[in-house]
Amino acid sequence: MARYVGQRVKRTEDPRLIKGLAHYVDDIRLPDTLHVAFVRSIYAHARINGVDAGEALKAPGVVAIFTGKDVSEKIGPVPCASALPELKVPDHRVLATDKVYFVGHPIAAVVAADAYAARDAAELLMIDYEELPAVVNAEEAAQGGAVIHEQFGSNVAYKLTAGEGDIVAALASADRRIKQRIINQRLAPVAMEPRGVLARYLPGEQELTVWSSTQIPHLLRTQLALMIGIPENKLRVITPEVGGGFGSKLNVYAEEALLGWISMQLGRPAKWIETRRENMQATIHGRGQVGEIEIGCKADGTVTGLRYNVVADLGAYHQLLTPAIPTLTGLMLSGAYKIPAIQINVTGVFTNKMATDAYRGAGRPEATYVVERAIDLVAAELGLDPVAVRRRNFPAPEEFPFKTATGLFYDSGNYEGALAKALENAGYERLREEQRAAREQGRIVGIGVSTYVEICALGPSQAMPAGGWESATVRIEPTGTVTVLTGASPHGQGQETSFAQLAADELGVDMGDVTVVHGDTAIVQYGIGTFGSRATAVGGTAVFVAIEKLKEKASKIAAHMLGTDAVNVVFAEGVFSIKETKKAAAAAGDGKAADADSDEVPEPVVPVGEGPAGALPEPETEGRKKVSIQEVALAAHLARELPPDTEPGLSATYFFEPKNFTFPFGTHIAVVEIDRETGEVKFQRYVAVDDCGRVINPMLVDGQVQGGIVQSIGQALYEEVVYDEQGQLITGTLMDYAVPRAKMIPWFELDRTETPTDVNPLGVKGVGEAGTIGATPAIVNAVVDALSPFGVRHIDMPIRPEAVWRIINSSDE
């Protein structure tokens, strides 16, 4: 019986975070630590004619200064793991040498006794720049202009066409064809804590330890070993508290390699903590796609085909997954619909900006926004209710596994069920009546619907750049406590709690006796990491299967302790017991002793011996018919009497390789009202029904959905990374970059349906990015619906009050 799984258990991680007892990178203090400050480019595109560090070297506390020429041949390039046909990959080094190509490009590292001395000295470096023309607009970069990387001859990094079905015939067969320019603007992830790195090299042991706020500790270790030329088994990566990632820390950054190398050169620990301005300049950005969608449909709303031509702004160079993100957009262009023909044409271009990469959703929010706006455009063109158009194009539950025209196989789904529940919870028909009444009163009210599906549990290794499996080790200590070592690297998702819930139920122990360990490559077996809503669906499954393996061994030991065969032993609620036979049950019912040949064993009458003071108690099993998992663990470690060919100890390790991705889905409904005088968008209702398969902890699921919706509100209404024509970052601080505040967030009315997957034995699909994927189009659809009486069919994000005010007032004129 499940005591914890499915329950709203508070996060076990939270007390240390709330009390200020947790440790982030900057909280780790090592003796004799040096501090690093970076000199970064003030130009978007320029040649470096010289670096004069003379005055900076004389500054108080300065120990060393390193430039690109010092390290270019000693540290390898920043890695790009994407593999696309004819992909152009710049040789991006940890420090610029002859040229800079975005504002914030690191040129020199100043090492000093404290952070203040390092920053002061950094101001004294003199850089001789020769400014070059900047390429900022992605569409212009695709057409030509100044070339950023001369060796490639153009700013086009790659072109890709994908999809299935005859798109020309599909569009030609349509009764209506609709085109619309669609923009997914650049966003900054803005994690609560910026990045941080601390490196310590021990010359005697020749061992390097790197503390980094990363989402991928093991992959980071592998890449750092290659970059700085140290044996991987001499390099340890530790991930303390991360302070939020959202994909922005799913990369191998220049600073991580450089800090490790500096510590190796100077024989002292070296620390760098990113400032918020650095974070905005030199931590990856997300989204950044400009395209045109063409959708064909029949008069009844049936979609015949969809084509999407998109220019992806990759930035000045590639981070780990930069070129791959637009391909994820292409994979998810079918959305929650049966679209017989789909084509995506991607042109990835270099611009003089920071690289784009995975940001919460990573390609799927872009695709969902495109598809959901397209469905609403169809509804508007045909004069149909947007809900009716969605229903007409849904695959039925019995059609799963459902193959899309992008080549994916959706595992399971009941899109109508989630939509119906959301409509009921929102009171959709009543909302439409209230909207009509409000419009008669002159109020501007809109209702937006989004039915989404996303790709999660990233996944099968054949589809991943560095493996898609995940690992787990589960161990029961001699005293009966349980340790779970997970190769996933949670940093806010709550797996310290959910994995403990799972282990406690499966092993029949108290949840407080389970400790989940992650983020230390010297302790935890190799793992892939946390991203793409995979930690529970893939990592949790590895934990589950490892537990099953452990129980199999434990059952064998328990049977030996009970003097029977393993086939005669059952396990429930933390206890192994001998199956009760009919003869024994009858004897027990008569109050008679069992026959000599009965399988029934009487209860012991003597307690378990305590043994010498301080020694582990010796489990006594003679004459018993059941033993606890804790007693089995003790016997396994004492190893005085184990079954033949049985190793001592009680642990199991499993590497889970999923056979497919998982595909969560749901429906979001937003109700907004626009202030006619200011153009401000105000939420009246927000209803969401999400389906992430089996739910381990509803509280964690709600938290993930809520956070995702908030980030979608940011994209829809407030956030945008803005560069000017010279490539200067205008939104370089949180005074300029608008993130949603608490007063801007509505009350979320959350619910769920549960459609398990068969991709893993837990039935879990993943939920970390659901809110970010489903919410953005729902909000924009609501605003467009509100403005439809003014002739509006589409409006670009972020939907600023000024733009809305101008629409309203130009119409009034």
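Residues numbered from 1 in each chain as written. Predicted model: local features only at pLDDT ≥ 70, side-chain atom pairs only at ≥ 80, totals over all residues. Heavy atoms only, no water.

Points about the overall build of the chain
And step 1. Helices and strands together make up the secondary structure of the chain, namely 21 helices and 28 strands.
And step 2. Here the C-alpha radius of gyration of the chain, 30 Å, is about what a compact globule of 813 residues would show, namely 28 Å.
And step 3. Sorting the 813 residues of the chain into buried and exposed places 61% on the buried side.
And step 4. As displayed, the chain has an accessible area near 31,600 Å², and 50% of this comes from carbon and sulfur atoms. (Helix = DSSP H or I, 4+ residues; strand = E, 2+ residues; numbered from the N terminus. Rg over C-alpha atoms; globule rule 2.2 N^0.38 Å. Buried < 20%, exposed > 50% of the residue type's maximum accessible area, 1.4 Å probe, protein only. Areas by Shrake-Rupley, 256 points an atom, 1.4 Å probe, with all protein chains shown as cover.)

Details of the packing of aromatic side chains
And step 1. Under the criterion given, the structure shown has 18 aromatic pairs.
And step 2. With a centroid separation of 4.4 Å and 40° between ring planes, the pair formed by F571 and F576 is classed as tilted.
And step 3. Relative accessible area serves as the criterion here: at 23%, F571 is assigned to the partly exposed category.
And step 4. The rings of Y337, F394, F400, F402, Y410, Y415, F663 and F665 are connected pair by pair, giving a single aromatic cluster.
And step 5. If you follow R534 out to its NZ or CZ, it ends over the ring of F531, 5.2 Å from the centre. (Phe/Tyr/Trp six-rings, centres within 6.5 Å; stacked < 30°, edge-to-face > 60°. Lys NZ or Arg CZ within 6 Å of the ring centre and 35° of its normal.)

Describing the packing of helix α7 (residues 217-228) against helix α8 (residues 254-266)
And step 1. Viewed as axis vectors pointing N to C, α7 and α8 meet at an angle of 55°, and their least axial separation amounts to 10 Å. Between α7 and α8, the angle is such that the two are oblique. You can see that α7 and α8 cross each other, and the crossing is right-handed. Mapping the contact onto sequence places L220, L224, M227 and I228 in α7 and E256, A257, W261 and M264 in α8.
And step 2. Residues that form the contact of α7 with α8 fall into these classes: seven nonpolar, no polar and one charged. (Axes fitted to C-alpha atoms, helices over the stretch in contact; angles between N-to-C directions. Parallel < 35°, antiparallel > 145°, perpendicular 65-115°, else oblique. Left-handed = near helix turned anticlockwise from the far one by under 90°. Contact = heavy atoms within 4.5 Å. Nonpolar A, V, L, I, M, F, W, Y, C, P; charged D, E, K, R; others polar.)

Regarding the pattern of salt bridges
And step 1. Scanning the model with the defined rule gives 46 salt bridges in all.
And step 2. Residues participating in the shared-partner salt-bridge network are R40, R195, E255, E274 and E278. (Salt bridge = Lys/Arg side-chain N within 4 Å of Asp/Glu carboxyl O.)

Description of the domain arrangement of the chain
And step 1. Domain annotation of the chain identifies domain 1 (14-132 + 192-244 + 249-282), domain 2 (289-460 + 660-810) and domain 3 (469-656).
And step 2. Facing the 18 residues of domain 1 at the interface are 16 residues of domain 3.
And step 3. Taking both sides of the interface into account, the surface hidden between domain 1 and domain 3 amounts to around 1,400 Å²; carbon and sulfur atoms contribute 52%.
And step 4. On the domain 1 side of the interface with domain 3, the three residues burying the most area are Q215, H218 and R236, jointly 41% of the side's total.
And step 5. Our enumeration of links across domain 1 and domain 3 arrives at two salt bridges.
And step 6. Two residues, D520 and R236, come together in a salt bridge whose shortest N-O distance is 2.7 Å.
And step 7. Our enumeration of links across domain 1 and domain 3 arrives at ten residue pairs in polar contact (both at pLDDT 80 or more).
And step 8. At the level of secondary structure, the elements contributing two or more residues to the side of domain 1 that touches domain 3 comprise α7 and β11 (235-238).
And step 9. Tallying contributions element by element places α7 first for the side of domain 1 that touches domain 3, with five residues.
And step 10. For the side of domain 1 that touches domain 3, the class distribution of residues is eight nonpolar, six polar and four charged. (Domains from an automatic or database assignment. Buried area = accessible area lost by both parts, 1.4 Å probe. Polar contact = N/O pair within 3.5 Å; in protein donor to acceptor, adjacent residues only side chain to side chain.)

Here we look at α8
And step 1. For α8, spanning 13 residues, the distance from its first C-alpha to its last is 18 Å, which sits close to the expected 18 Å at 1.5 Å a residue.
And step 2. Summarising burial for α8: ten of the 13 residues are buried, a large majority.
And step 3. Those residues of α8 that sit buried are A254, E255, E256, A257, L258, L259, G260, W261, I262 and S263. (Expected span 1.5 Å × (residues − 1).)

Side note on the confidence of the model for the chain
And step 1. The predicted model of the chain has a mean per-residue pLDDT of 94, with 94% of residues at 70 or higher.
And step 2. Scored below 50 in pLDDT, residues 591-613 makes 40 contacts in the model with residues more than four places away or belonging to other chains. (pLDDT = per-residue confidence, 0-100.)

Quick notes on the side chain of D691
And step 1. Inspection of the secondary structure puts D691 in strand β27 (residues 681-691).
And step 2. In this structure, D691 is buried with no salt-bridge partner, the nearest side chain bearing the opposite charge being K765 at 5.2 Å.
And step 3. For D691, the side chain forms a polar contact with the main-chain nitrogen of G693, separated by 3.1 Å.
And step 4. Side-chain polar atoms of D691 contact the backbone nitrogen of E754, separated by 3.3 Å.
And step 5. For D691, the residues in contact, after removing those within four places along its chain, are P664, F665, T753, E754 and T755. (Lys, Arg positive; Asp, Glu negative; His and termini not counted.)

Structural notes on helix α19 (residues 698-718)
And step 1. Along its 21 residues, α19 runs 29 Å from first to last C-alpha, staying within 8% of the 30 Å computed at 1.5 Å per residue.
And step 2. Of all 21 residues in α19, 15 are buried, a share of seventy percent or more.
And step 3. At the N-terminal end of α19, a side-chain oxygen is found 2.9 Å from the backbone nitrogen of M699, two or three residues along, and the residue is N697.

Examining the side chain of R432
And step 1. Checked against the element boundaries, R432 lands in helix α14 (residues 428-440).
And step 2. Overall, the relative accessible area of 9% leaves R432 in the buried class.
And step 3. In terms of polar contacts, R432 uses its side chain to reach the side chain of D785, at 3.1 Å.
And step 4. Look past the residues within four positions of R432 in its chain and what remains in contact with it is D385, P386, I447 and D785.

Remarks on the sheet that holds strand β24 (residues 626-628)
And step 1. If you walk across this open sheet you meet the three strands as β22-β23-β24, and the pairing is antiparallel. On the outer flanks of this sheet lie β22 (569-572) and β24, each paired with one strand and no other. The mean angle between the axes of side-by-side strands here comes to 20°, regardless of whether they run parallel or antiparallel.
And step 2. Direction of pairing for strand β23 (residues 575-578) relative to β24: antiparallel, over a ladder of three bridges. Residue pairing across strands places S577 opposite K626, the latter belonging to β24. (Pairing = 2+ DSSP bridges.)

Topic: the pairing of strand β20 (residues 482-486)
And step 1. Taking burial as the measure, the five residues of β20 include five buried ones, the bulk of the element.
And step 2. Side chains V482, V484 and T486 project from β20 onto one buried face, and the interleaved T483 and L485 project onto a second face that is buried too.
And step 3. Where strand β19 (residues 470-476) meets β20, five bridges bridge the pair, whose relative direction is antiparallel. Paired with T473 across the strands is L485, a residue of β20.
And step 4. Linking β19 back to β20 in an antiparallel pair, the connection comprises five residues, with G480 at a positive phi of about 100°.
And step 5. Sheet topology note: the β20/strand β21 (residues 514-517) ladder contains four bridges and is parallel. The residue of β21 that forms the bridge with V482 is V514.
And step 6. Remark: the β20/helix α15 (residues 495-507)/β21 crossover connection has right-handed handedness. (Right-handed = clockwise from strand over helix to strand, strands pointing away.)

With respect to the packing of helix α11 (residues 364-382) against helix α20 (residues 770-787)
Helices that pack against each other are described as a pair by the angle of their axes relative to one another and the distance between those axes.
And step 1. Taken N-terminus to C-terminus, the directions of α11 and α20 make an angle of 35°; their axes are 8 Å apart at the nearest point. In this structure, α11 meets α20 at a crossing whose hand is right-handed. Between α11 and α20, the contacting residues are R364, P365, T368, Y369, E372, R373 and D376 on the first element and T772, I773, T776, P777, V780, N781 and V784 on the second.

A closer look at the sheet that holds strand β6 (residues 126-131)
And step 1. One open sheet holds the three strands; their spatial order is β4-β2-β6, and the pairing between them is antiparallel. The sheet is open, and its two borders are formed by β4 (99-100) and β6, each paired with just one other strand.
And step 2. Of the strand pairs in this sheet, strand β2 (residues 46-52) and β6 are connected by six bridges, and their pairing is antiparallel. Counterpart to R47 in the pairing with β6 is E130.

A look at the state of the cysteines
What makes a disulfide is a covalent bond joining the sulfur atoms belonging to two cysteines.
And step 1. With the rule as written, the count across this model stands at zero disulfides.
And step 2. Residue C456 stays outside any disulfide, its sulfur separated by 9.1 Å from that of C692, the closest cysteine.
And step 3. Residue classification places C456 among the buried residues on the basis of a relative accessible area of 0%.
And step 4. Exposure remark for C692: the relative accessible area of 6% places this residue in the buried category. (Disulfide = S-S within 2.5 Å.)

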